[in-house]
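These are the residues of each chain, in order.
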Amino acid sequence: EGAEVKLAMRSGARAQFEWTVTGGVVNYDLHGDGGGNNTSYVQGRGVPGHRGELEAAFDGNHGWFWRNRGTSDVTVTLRTTGEYASIRRVV
């Protein structure tokens, strides 16, 4: 199963983040899209969490897609702060 959360950000805006997984590990893609642009900032497989700073490469939606490839349920907890207009769960 998968989940996706996106921040609406302007080009050059920065957001600090930390996410953790309880009950296992996930694959993830930190990416952006909008205005005909698409980018993947970083990807990982079998990761229990990640923290850092996201700087938007362009105006649009920037965020995370997580996929649980394991057999047990997991919970992803995301904490953010910074320069974004909104945050929403897409999937």
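Here the structure is a predicted model, which is why all the values come from computation and not from measurement.

**Things to note about the packing of aromatic side chains**
Piece 1. As enumerated under the stated definition, the model contains four aromatic pairs in all.
Piece 2. Note on Phe 17 and Trp 64: the rings are 5.2 Å apart at their centroids and 65° apart in plane angle, and the pair reads as edge-to-face. Of this pair, Phe 17 sits in strand S2 (residues 14–22) while Trp 64 sits in strand S6 (residues 60–67), and the two are 47 residues apart along the sequence. Accessibility assignment for this pair places Phe 17 and Trp 64 in one class, buried.
Piece 3. Consider the rings of Trp 64 and Trp 66, whose centres lie 6.2 Å apart with planes at 5°: the pair is stacked.
Piece 4. For Trp 64, a relative accessible area of 0% corresponds to the buried category.
Piece 5. Site record: aromatic cluster; members linked through ring pairs are Phe 17, Trp 19, Tyr 28, Trp 64 and Trp 66.

**Overview of the layout of surface pockets**
Piece 1. The calculated volume of the largest pocket comes to roughly 350 Å³.
Piece 2. As for the largest pocket, its lining consists of 16 residues, and the residues nearest its centre are Gly 2, Ala 3, Val 74, Val 76 and Arg 89.
Piece 3. For the lining of the largest pocket, the secondary structure elements donating two or more residues are strand S1 (2–9), S6 and strand S7 (75–82).

**Focus on the sheet that holds S2**
Piece 1. Read across the open sheet, the three strands follow the order S5-S2-S7; overall the sheet is antiparallel. Two strands in the sheet have a free side with no partner beyond their single neighbour: strand S5 (49–55) and S7. Here the strands of the sheet are splayed against their neighbours by 15° on average, with no regard to which way each runs.
Piece 2. Bridging between S2 and S5 involves seven bridges; their strand directions are antiparallel. Bridge assignment links Glu 18 to a residue of S5, and that residue is Arg 51.

**Quick notes on the environment of Ala 8**
Piece 1. Take Ala 8: it is sitting in strand S1.
Piece 2. Separated by 78 residues in sequence, Ala 8 and Ser 86 have C-alpha atoms that sit 5.4 Å apart.

**Some words on the sheet that holds strand S3 (residues 26–34)**
Piece 1. Read across the open sheet, the five strands follow the order S4-S3-S6-S1-S8; overall the sheet is antiparallel. Edge positions in the sheet fall to strand S4 (37–47) and strand S8 (86–89), since each has one partner strand and no second. Neighbouring strand axes in the sheet, compared pairwise and without regard to direction, differ in orientation by 15° on average.
Piece 2. Pairing analysis gives four bridges linking S1 to S8, with the strands arranged antiparallel. Note on S8: the bridge partner recorded for Leu 7 is Ile 87.

Thresholds applied
Residues numbered from 1 in each chain as written. Predicted model: local features only at pLDDT ≥ 70, side-chain atom pairs only at ≥ 80, totals over all residues. Heavy atoms only, no water. Phe/Tyr/Trp six-rings, centres within 6.5 Å; stacked < 30°, edge-to-face > 60°. Helix = DSSP H or I, 4+ residues; strand = E, 2+ residues; numbered from the N terminus. Buried < 20%, exposed > 50% of the residue type's maximum accessible area, 1.4 Å probe, protein only. 1 Å grid on protein atoms, 1.4 Å probe; cavity = no way out; pocket = protein on both sides within 12 Å on 5 of 7 lines; lining within 4 Å. Points joined across faces, edges and corners; volume = space filled by probe spheres on them. Pairing = 2+ DSSP bridges. Axes fitted to C-alpha atoms, helices over the stretch in contact; angles between N-to-C directions.

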